[in-house]
Every structure is written in structure tokens, then in C-alpha cells.
Amino acid sequence: MIGWVDEKMIAWGDWARRRDDGGLGYPKDSPSCRMRGISGAMGSTVLVESDAMQVEAIMAELKAIRPELYLVAREWYLVGAPASTVARRVGCHRDTVYARLDSLHIVISNRLVKRDCAEVRAN
């Protein structure tokens with residue numbers, strides 16, 4: 001696994017779970033807002049992580065072109081299931097789960113690096 005990609009995937013999983021349960025908006029007095037130093041005068045604030053949104057775009061592409069990677073990522077990062085459960089749910093061996101996670105990390109890494117390079121060239 002690629003450490004920095006794993007961190008981005010964990011953030012994506014957290015973001016996606018909050019999105020799915022309607023929890024992206026935080027009330028002005030939540031501990032999360034206080035921790036981030038967001039002023040209560042702003043009222044309700046929506047916190048959006050750009051990294052998670054970039055990963056979400058990549059995951060949407062993978063869902064169509066590499067569904068086996070998407071399914072493992074969904075079970076691993078969104079559901080938080082252990083490898084044996086992921087394997088059972090997606091119909092593969094536990095070792096295959098780890099191989100797919102490695103492949104997923106390579107794909108995510110390559111796409112994020114390409115996007116960063118494109119942004120640098122554009123500026």
C-alpha cells in the first residue's frame with residue numbers, strides 16, 4: 001500500500017460516509033468547527049475536503065471501468081470491513097483483496113499526480 005494514498009482514501013471514506021448520511025454541514029457550535037477555528041457568526045458551515053472530492057471523481061471513473069477495484073475500495077474504506085469480509089462480499093480470495101487495494105493505490109496515485117502536473121502546467 002502507498003501510505004499517502006491510504007490517507008487520502010481514508011479521508012475519502014469519511015467524507016463519503018458523511019455525504020451519504022447528510023452530515024457534511026456542521027452547526028456553528030459543533031466541536032469540529034471549534035477545533036478548526038471556524039467562527040460561530042457564520043452560522044452553519046459546509047466543510048468540503050478538496051482531496052476527498054478529487055478521489056471521489058476518480059472513484060466514479062473506476063466504478064465504470066474497474067468495478068472490481070471500486071467494490072473493494074467501497075467495502076474497505078466506506079464500510080470498514082476486514083479483508084475476509086470484503087473478500088466474501090465481492091467474491092474473491094482475501095489475498096486478492098490486498099492485491100486489489102495495491103492496484104487501487106497505484107491508480108489513485110497516478111491519477112492524482114497527473115492532475116497535479118496538469119494544474120502546475122496550467123498556472
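Our subject is the structure listed above.
Report follows, based on the coordinates. Keep in mind the model is a prediction, meaning the values are calculated, not measured. (Residues numbered from 1 in each chain as written. Predicted model: local features only at pLDDT ≥ 70, side-chain atom pairs only at ≥ 80, totals over all residues. Heavy atoms only, no water.)

1. Some remarks on the nonpolar core
- By size, the foremost hydrophobic cluster in this structure holds 28 residues, and its most contacted members are M9, W12, M59, V97, L104 and I108.
- Listing elements by their share of this core, those giving two or more residues are α1 (3-20), α3 (50-65), α4 (67-79), α5 (83-90) and α6 (94-122).
- Sequence-distant contacts of I108, that is, excluding residues within four places in its chain, are made with V5, M9, I58, M59 and L62. (Core = buried A, V, L, I, M, F, W, Y, C linked by side-chain atoms within 4.5 Å. Buried < 20%, exposed > 50% of the residue type's maximum accessible area, 1.4 Å probe, protein only. Helix = DSSP H or I, 4+ residues; strand = E, 2+ residues; numbered from the N terminus. Contact = heavy atoms within 4.5 Å.)

2. Some points on α3
- Taking 1.5 Å per residue, 16 residues should reach 22 Å; α3 reaches 23 Å between its end C-alpha atoms and fits that length.
- The complete set of buried residues in α3 reads A52, V55, I58, M59 and L62. The arc that holds the buried residues of α3, viewed along the axis, is 125°, so those residues lie on one side. Exposed residues on α3 whose side chains face more than 90 degrees from its buried face are S50 and A64. (Expected span 1.5 Å × (residues − 1). Arc of directions from axis to C-beta.)

3. A look at α6
- Across its 29 residues, α6 extends 42 Å between first and last C-alpha, which sits within 8% of the 42 Å expected from 1.5 Å per residue.
- Where α6 is concerned, the buried positions are V97, L101, L104, H105, V107, I108, S109 and L112.

4. Examining the pattern of salt bridges
- A full pass over the atoms with the stated rule returns 7 salt bridges.
- Between E61 and R115 there is a salt bridge, with the nearest N and O atoms lying 3.1 Å from each other. Within this pair, whereas E61 is found in helix α3, its partner R115 is found in helix α6, the two being separated by 54 residues in sequence.
- Here E75 makes a salt bridge to R74, at a shortest N to O gap of 3.1 Å.
- Assessed through its relative accessible area of 7%, E75 is described here as buried.
- Owing to a relative accessible area of 30%, R74 belongs among the partly exposed residues under this scheme. (Salt bridge = Lys/Arg side-chain N within 4 Å of Asp/Glu carboxyl O.)

5. A look at the packing of α4 against α5
- Packing of α4 against α5 brings their axes to within 10 Å, and their N-to-C directions diverge by 140°. In terms of orientation, α4 lies oblique with respect to α5. Crossing of α4 against α5: the hand is right-handed. Note on element contacts: α5 touches α4 through A83, V86, R89 and V90, opposite L71, V72, E75, W76 and V79.
- Split into classes, the residues belonging to the contact of α4 with α5 amount to 7 nonpolar, no polar and 2 charged. (Axes fitted to C-alpha atoms, helices over the stretch in contact; angles between N-to-C directions. Parallel < 35°, antiparallel > 145°, perpendicular 65-115°, else oblique. Left-handed = near helix turned anticlockwise from the far one by under 90°. Nonpolar A, V, L, I, M, F, W, Y, C, P; charged D, E, K, R; others polar.)

6. Some points on the packing of aromatic side chains
- Summed over the entire model, instances satisfying the criterion amount to 1 aromatic pair.
- Centroid distance W76 to Y98: 5.9 Å. Interplanar angle 75°. Geometry classified as edge-to-face. You can see W76 sitting in helix α4 and its partner Y98 sitting in helix α6, a full 22 residues away along the chain.
- What makes W76 partly exposed here is its relative accessible area of 21%. (Phe/Tyr/Trp six-rings, centres within 6.5 Å; stacked < 30°, edge-to-face > 60°.)

7. A closer look at the side chain of H105
- Positionally, H105 belongs in helix α6.
- Taking relative accessible area as the criterion, H105 reaches 0% and is therefore assigned buried.
- If we ignore the near neighbours within four places in the chain, the residues touching H105 are M1, I2, V5, D6, M9 and Y77.

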